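A structural walkthrough
If you want the building blocks of each chain, they are given just below.
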Amino acid sequence: MSNTSPVEGSMMWMHCNVKNGTRPIEYMWQYKTDSGNFTTFAHNSSSSIINVTNINRNHTGWYRCVASNAANNESSDPVWLDITFGPDIPQIDVTPYNKTERGYSALETETVSLSCQTLSNPASQNVWFYNNSQVFTGPQFTIVKILRMQTGSYTCLAKNSYLNTSSSTTISLTVYYPPDGFPSCSVEPALNYTSLRLLCSWPGGFPSPSLHWIGDLTHARQEQVNTGHLTNLLTSTNIWLTSGDLIPDNGLFTCMGSHPALKQLRECNTSAYIPPAKPVCFSNVTNNKQYLKLSCSWDGGVPAAWVWWEGPGGQFKGEENSNILVLSSDIFQFGRPYTCYARHPLLVQTKNCSLTLVLVTKPNLLMNDKSPMEGSTIWMHCNVENGTKPIQYVWQHEARSGNVTTIAQSNSNNITISNINRNQGGWYRCVASNFINSESSDWTWLDIIFGPDVPQIDVSPYSITERGFSALETETVSLLCQAQSSPVSRYIWFYNNSQVYTGPQFTITKILRMQTGDYTCLAQNVQLNTRSRKTISLTVYYPPDGSPSCSVEPALNHTSLRLLCSWPGGFPSASLRWTEDVVQAGQEHIVAGQQTSSAFWLPSGGLIPNNSLFTCLGFHPALKQPTDCNTRAYIPPADPVCFAYVTNNKEYLMLSCSWDGGAPKALVWWDGPGGQSKGGEENSNILILRYGTVRSEKPYTCYAKHPLLVQTKTCRLTLGQCSFILYMTKVRSYNLVFTECFFMIEAPVLLTQRRVVSVYEGSDVQLTCNLRANYLPANEITWFNNQGVDVRDTSKYMLLQTSAWANLTVRDTDETQDSGEYRCSTSNAVGGAEINVTLVVKKHPMPPNATLVRVMYNSRQRNEVELEWRVEREEDGGWTGFFLEHRWLSERGGRRGAKNNDSREKTEERASQDWFRNTIQDPGVRTHIVRGLTPTFTYEFRIRPFNHRTIGYPSTVKSPVELRNNMYPAVIGAAIGGILFAAIPTFLLLVYIIRNRNNNPRLHDMLFGLRHSQSRENINFPEDDMVGGSDGGVENSGRSSSPGPTMGVPQGPSSLATFPKSTSQFLPT
C-alpha cells in the first residue's frame, strides 16, 4: 500500500507484487468482512495496482490480493488499513439527566458526572473547561457534591494529536438550591379591618420556590372567586378573605412551599383568632397631674385589633392593639363616659368599654406578720377607701440592693406569698389605680427571719494548702466568720473543740506552732434558736532551728566528694539547694532534679581546686531570706609521715603512718612484703607485726589518698641492721632505714579544759577533749553522751574534731535531758583512755511573784476584760515575761458584777476547764486586755511570771468586776475641789481679821464673839494650848512656840478647824 494510515478523504493505491508466475496473471482484491470472511471488492485481470480515491473511515480493515494463472492461485498476507479521521463534534452526556430550556440542571450537593464522547482515530484527548478555565483532563468529569457557585458553562474539547485537529461542545449547567429555612406566613387586616390578607414568602433559592395556600379558604372565598369552581389549592402568595362571620375563629391557614431541590414540601402556618378577652379600659395621670391618660387595650388576637377612643367634645384617636388618649386636666369632663371601641376582622360587631372617672384615694398596706420565718406563708392587704372600679392593684418590692420590682398585679386587693425566702425581704408597697389616677401606699418593711447558713471563714493573710490553710509562725492571723442570718448571728470560735473567742473576727497575734489545729466558727441565731458551724484546718509553718548543717566526705573509694547538707526540723521540711557553681561542677555526675537533694556528688580528677568552698542554701516558707551553711574541701597541709615503735617486751613491732588534717580525711593503708598489709583507714593507720616476722631490707610502703588529688602519696620504711636513722624529706616519698634501737610506745592520754561545766538551761555549751603530745597515733576520738550513746552530728549535738582533739557542743541545754556525765574515749595499739566531763545544767532563778491589782470588764458587753498587775521586788529584775491565764466558769444565777471574793462563793459551779494562756514577752508591760470572752460566762484570771524557761508561781485567782456608771468618785472629787477652793480665801480672810482686830474690833467681835476673846486671854502656857487643840479637833503642834495671841486661833469654830472632819465623810472607802 502507498499508505497504511491514510487520512479520511485522501487517495491511496495498492500494489500486488508477484515475483514468479506464468503470464497472464489475474489479480483480485479482497476485504475481510465482520464475519471473518474475505469478499472481493475489485477484479483487475491484468493490472497489479488499484487506486482508491476519497477514502473514508468505513474502509478501515484487513486487505489482501489474490494472484492466479492457469496453474494455480495464491493469496497475499492480509494487510491492515487504518483510516485516520476526526475528532467529530463531541457528545456530552450529563448524569443524572435533567434537561432544561437553558441546558441542564443539577441539585446542590448531589454528584454530577459529565461524559464526553467523540469519534476519532486515533482516539482523541478530552479536556474540560469551566467558564473557559481548564478544570479536568479525561473523558468523564465528575463533580462530587456540586455547589451553587459551580453553575456555568462546561466545555469538552476533543484533540486528535496525530492529525493536530480538535473540536468542542459546550453545555450550560445550572445548580438548583432551595431557599433557607421554611416559608414565612402572616395574616394582616385589610379593607378597614373588614377582611383578612394572607401573606406567604420564602425568599432565596434558585429557581424561586412555588408557594400555594391550603386550609379553611374555600367557604371564605366562594363569593369572591369569579370562576365557578374553587379548589383548596391556591397558587398566589397574597390573598384576601372577606369576613362577615364567614371565617371561623382560630382558623388555620397553611402555605405550602415546593422546590426542585427538595424532596418534600415545606410549610408554614398562620391562624386568625379573636382576642380572648374583652377590651380593657384604665387611666392614670402624669407625675405633675397636668395630663390624664386614658388607656384602652385589646391584647391578643391575630391580626391585632383596631382600637379607638370617642369622648365628649369630639375627642377621638385610633391605633392597633392599644390606644392612649392624652387629655389635659383642664378639659377632661369628669362624670361623663369616655368610650373605647375595638374592631377585629373576624367580627362584624364592634366591642367597647367605657370609663366614668372617680379618683382613687391613697391605699393602706397591711401585713399579717412583718417578721415571718423563712419558709412560712404571709398575706398582704391593700385597703382603698374610694375610687372608681375596677381598681387594679400592683404589688411592688424594693430589695436591699435598691432595685424595685413588681411582684404581682391583679384585680384583688389581697396577695398571698407562700414559702417566703430571705430574698423577698425588704420594702413593700401596693399601687391602686383606676381609670383616672393611681396612688401608692407608704413603704412597709418586711424582715424575713432566717439562718444562720453554713458560715464562710476568710483567713488573712490568705494561704491555702491541700489540708486547709497555713500561716507563718509569729505573724498575726485574722479569722473572719460570716454567715447569712437575720437577725445577725452570734459567733463563737472553738480551737480543737475548746471555746476561745466570741465575735465574728478572731485575731491571733503572733501565732505559735502549737496553735496548729482545727478552728470552728459556730453561728447562732438567738431568735430562732438555730445554729450552724464551719471548721477549717490551720497549719502554722515554722522554720527549722538555727541554720543548715554542711559537711563533706569522700565517696567512690576516695575518688570523689560527697557533699552533705541537712536542716532537720521545721514544718514543712526545708528545701535545700547547693549553689550553682557546685551544680555546674557536678553536672555530669548527677541525676536530673537531684540538685535540690541534701546529698550531692562531685567528681575529682584534679578538677576541684584545693580549699574549695561549697555553700548550701536552705529555703523555708516561714523565712523571707534563705539561710546558708559552708563547708570546705582541702588537702592535708603536709605529707604522710611514717615511723615505727616496738612494745616493751619486744613482742610486736608497730609501723605507724599518718596524714593528719584535710577535709575530708585522707585514706591511709599499708602494703608490705609477704602479704604483710592492712586495709585503709582514715587519717592514720598502724600495721602491727610480730617482732620475728619483720622482713629486713624489704620496704614497707604506706599509701595515702585524698579525693582532691589524682595521684596517691606514699612514704616507705626499710628495716635494716645498721645503727642509724636516715630521713629524706621534701619529697613525695620517705625512705627510713633504722636498726633495732626502736622507740618505746605508750597508751594515749586524754586532757580536758574543765572536768565540771555549768551552764544555764537553754544555752549552748562546748565540752573539750584533746590528746597529749607524746602518743602513738590513736584511733578517732569518740564522745558518749550522758546516756552512754555514741554522739554524732545532729540537731542536738555538733562535733568538731581532728586526729588530736574533739570538741562536743550541746545545743539548747535542758536540765532533765542533758545534765550528767559525758565521756571522751580513744585508743591505740597499746591501750585506751577515757575522760569524764560532768555537765551541770541549771535552771534560771525563780522569777518574783506578780499580783493582779485590777480585773475589770471594760464594757457592758462583758466580752473584754482589762487586767493590771504589779511585780514584787521589781527593782531586782529576774523575769523575761508573763503568762496571763484564764478559764471560764459555768453561768451564774446570781447578780452580775460581783466583787472579786464572789468567785469563792461559786466554786461549786466551776466547770472543769484547762487554763487558756496568753504569752506576754515584754517584761515591762503591766496591763493587758483579754478579748473574745463569752458574756454569759464568768471567768477567773491569774498571772505567772517566767524567767526564760523557769515559770514562777501563779498569782491569786480573781474574777472580773462589772463596769458601773457610778458618779461617786466624781462627786467626791468635785466636793474636795470645792472645799479647797473655798477654804483658801476664807483662811486668808481670817488671818487678815485676826491680825487687824484692833483696827476692826466690831468685825472681829461679830465673827468670834466676846467669849472667844475671853478664852484667848486665859491661855498663858503652851500646855494649855495643846489641851485646847485636842478639843478643837485640829492639832497645831507646829505653832506651839508662838506667843499667846497667835496660839488661840485654831480653837475657834472656824471652817479650817472642821475641814478634816468634813472631808473624811466624802473619801472613798
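Residues numbered from 1 in each chain as written. Predicted model: local features only at pLDDT ≥ 70, side-chain atom pairs only at ≥ 80, totals over all residues. Heavy atoms only, no water.

1. Brief notes about the overall build of the protein
Heads up, the rule is: Per the convention used, a helix needs a DSSP run of H or I reaching at least four residues, while a strand needs a run of E reaching at least two, with both numbered from the N terminus. To sort residues, take the accessible area from a 1.4 Å probe on protein chains only and compare it with the maximum for the residue type: under 20% means buried, over 50% means exposed, and anything in between is partly exposed. Surface accessibility follows the Shrake-Rupley procedure with a 1.4 Å probe radius. Residue values consider only the protein chains on display as shielding.
From N to C terminus, the protein includes nine helices and 75 strands. Per-residue burial over the protein gives 40% buried out of 1069 residues. Split by element, the accessible area of the protein, about 58300 Å² in all, is 50% carbon and sulfur.

2. Here we look at the sheet that holds strand E50 (residues 627–633)
Put simply, the test is: What makes two strands pair is DSSP finding at least two bridges between them. Angles run from 0 to 180 degrees between N-to-C directions of axes, and those axes are lines fitted to C-alpha atoms, restricted for helices to the stretch in contact.
Judged by pairing direction, the sheet is antiparallel, and its three strands sit side by side in the order E47-E49-E50 without closing on themselves. A single partner strand is all that each edge strand has here, and the edge strands are strand E47 (575–578) and E50. Neighbouring strand axes in the sheet, compared pairwise and without regard to direction, differ in orientation by 25 degrees on average.

3. Quick word on the pairing of strand E31 (residues 392–398)
Of all seven residues in E31, five are buried, a share of seventy percent or more. Both E31 and strand E34 (residues 426–433) contribute to a ladder of seven bridges, which runs antiparallel. By the bridge assignment for E34, Trp395 is matched with Cys430. Note that E31 and strand E32 (residues 404–410) share six bridges and pair antiparallel. Pairing of Val394 across the sheet is with Gln409, part of E32.

4. Topic: the sheet that holds strand E37 (residues 456–460)
Pairing within the open sheet is antiparallel, and its three strands lie in the order E37-E39-E42. Since the sheet does not close on itself, it has two edges, and those belong to E37 and strand E42 (505–508), each with one partner. Adjacent strand axes in the sheet meet at a mean angle of 15 degrees when their direction is disregarded. Here strand E39 (residues 477–482) pairs with E42 via four bridges, running antiparallel.

5. Some thoughts on the packing of aromatic side chains
Our working definition: Note on ring pairs: Phe, Tyr and Trp rings are taken, using the six-membered ring of Trp, and paired if centres are within 6.5 Å. Classes follow the plane angle, with under 30 degrees stacked, over 60 edge-to-face and the rest tilted.
As enumerated under the stated definition, the model contains 23 aromatic pairs in all. Measuring from centroid to centroid gives 6.1 Å for Trp128 and Phe141, while their planes differ by 40 degrees, and the two rings are tilted. Of this pair, Trp128 sits in strand E11 (residues 125–130) while Phe141 sits in strand E13 (residues 140–143); the two residues are 13 residues apart in sequence, bridging distant segments of the chain. The exposure class assigned to Phe141 is buried, which follows from its relative accessible area of 12%. The interplanar angle of 35 degrees and the centroid separation of 4.9 Å between the aromatic rings of Tyr130 and Tyr154 together place this pair among those described as tilted. Here Tyr130 is found in strand E11, whereas its partner Tyr154 is found in strand E14 (residues 152–160), with 24 residues between them in sequence. Among the residues examined, Tyr154 registers a relative accessible area of 2% and is labelled buried.

6. Section: the environment of Met380
Cut-off, in case you're wondering: Residues are treated as being in contact if the distance between any of their heavy atoms lies within 4.5 Å.
Relative to the assigned elements, Met380 resides in strand E30 (residues 378–383). Judged by relative accessible area, which is 0%, Met380 ranks as buried. In contact with Met380, not counting residues within four places along its chain, are Leu365, Leu366, Met367, Trp395, Asn413, Asn414, Ile415, Ile417, Tyr428 and Leu446.

7. A word on the nonpolar core
The following threshold applies: What makes a nonpolar core is a set of buried Ala, Val, Leu, Ile, Met, Phe, Trp, Tyr and Cys residues whose side-chain atoms join them at distances within 4.5 Å.
The biggest cluster of nonpolar side chains holds 37 residues, and the ones touching the most others in it are Leu561, Trp578, Phe614, Leu655 and Trp670. Apart from residues lying up to four places away in sequence, Leu561 is in contact with Val552, Glu553, Ala555, Phe600, Trp601, Leu602, Ile608, Phe614, Ala633, Pro664, Pro707 and Leu708.

8. Some thoughts on unusual backbone geometry
A cis amide bond links Arg23 to the next residue, Pro24, at an omega of 5 degrees. Here Pro24 shows up in the loop between strand E1 (12–15) and strand E2 (26–32). A cis amide bond links Asn121 with the next residue in sequence, Pro122, at an omega value of 0 degrees. Along the polypeptide, Pro122 turns up in the loop between strand E10 (112–117) and E11. The phi torsion at Thr109 lies on the positive side, around 80 degrees, for a residue other than glycine. In this structure, Thr109 sits in the loop between strand E9 (104–107) and E10.

9. Observations concerning the environment of Glu310
The condition is simple: Pairs of N or O atoms are called polar contacts if they sit within 3.5 Å, as long as, within protein, a hydrogen donor faces a hydrogen acceptor (for residues adjacent in sequence, only side-chain-to-side-chain pairs).
In this structure, Glu310 sits in strand E24 (residues 306–311). Among the residues examined, Glu310 registers a relative accessible area of 36% and is labelled partly exposed. In this structure the C-alpha to C-alpha distance between Glu310 and Pro337, which are 27 residues apart in sequence, comes to 9.2 Å. Of the polar contacts made by the side chain of Glu310, one reaches the side chain of Trp308; its length is 3.2 Å.

10. Describing the state of the cysteines
The test is simple: Any cysteine sulfur atom paired with another within 2.5 Å is treated as part of a disulfide.
Within the structure shown, the criterion is met by 13 disulfides. Here Cys116 connects covalently by a disulfide to Cys156, the sulfurs 1.8 Å from one another. In this structure the cystine formed by Cys116 and Cys156 twists about its S-S bond by roughly -90 degrees; its chirality is therefore left-handed. With Cys116 in strand E10 and Cys156 in strand E14, this pair connects stretches of sequence that are 40 residues apart. For the pair Cys116 and Cys156, one class covers both residues: buried. A disulfide bridge connects Cys657 with Cys702, and the sulfur atoms are separated by 1.9 Å. On the sign convention where negative means left-handed, the S-S torsion of about -75 degrees between Cys657 and Cys702 marks this disulfide as left-handed. Here Cys702 lies in strand E56 (residues 699–705) and Cys657 lies in strand E52 (residues 652–658), a separation of 45 residues in the sequence. For Cys657, a relative accessible area of 0% gives the class buried. A relative accessible area of 0% means that Cys702 is categorised as buried.

11. Here's the deal with the pattern of salt bridges
How we decide: When a carboxyl oxygen of Asp or Glu is within 4 Å of a side-chain nitrogen of Lys or Arg, the pair counts as a salt bridge.
Going through the model one piece at a time under the given rule, you end up with 26 salt bridges. One salt bridge connects Lys362 with Asp442, and the closest N-O pair in it is separated by 2.7 Å. Taken as a pair, Lys362 in the loop between strand E28 (351–355) and strand E29 (364–367) and Asp442 in the loop between strand E35 (438–440) and strand E36 (444–446) lie far apart in primary sequence, 80 residues in all. For Lys362, a relative accessible area of 48% corresponds to the partly exposed category. Lys713 is paired through a salt bridge with Asp639; the nearest N and O atoms lie 2.7 Å apart. With Lys713 in strand E57 (residues 713–719) and Asp639 in the loop between E50 and strand E51 (641–646), this residue pair connects regions lying 74 residues apart in the sequence. For Lys713, a relative accessible area of 19% corresponds to the buried category. A single network of salt bridges, built from pairs that share partners, joins Glu8, Arg57 and Asp88.

12. Describing the side chain of Thr701
Inspection of the secondary structure puts Thr701 in strand E56. Contact partners of Thr701, with chain neighbours within four places excluded, come to Trp669, Trp670, Asp671, Thr714, Cys715 and Arg716.

13. Some points on the confidence of the model for the protein
We count it as follows: The predictor attaches a confidence to each residue, called pLDDT, with possible values from 0 through 100.
Model confidence for the protein is summarised by a mean pLDDT of 80, while 81% of its residues fall at 70 or above. Across the protein, the secondary-structure element scoring lowest on mean pLDDT is helix H9 (residues 1055–1064), at 30, and the one scoring highest is E39, at 95. Every residue in residues 721–744 scores below 50 in pLDDT, and together they form 57 contacts with partners more than four places removed in sequence or on other chains. Under a pLDDT of 50 for its full length, residues 1010–1069 has, in the predicted model, 42 contacts with residues more than four places off or in other chains.

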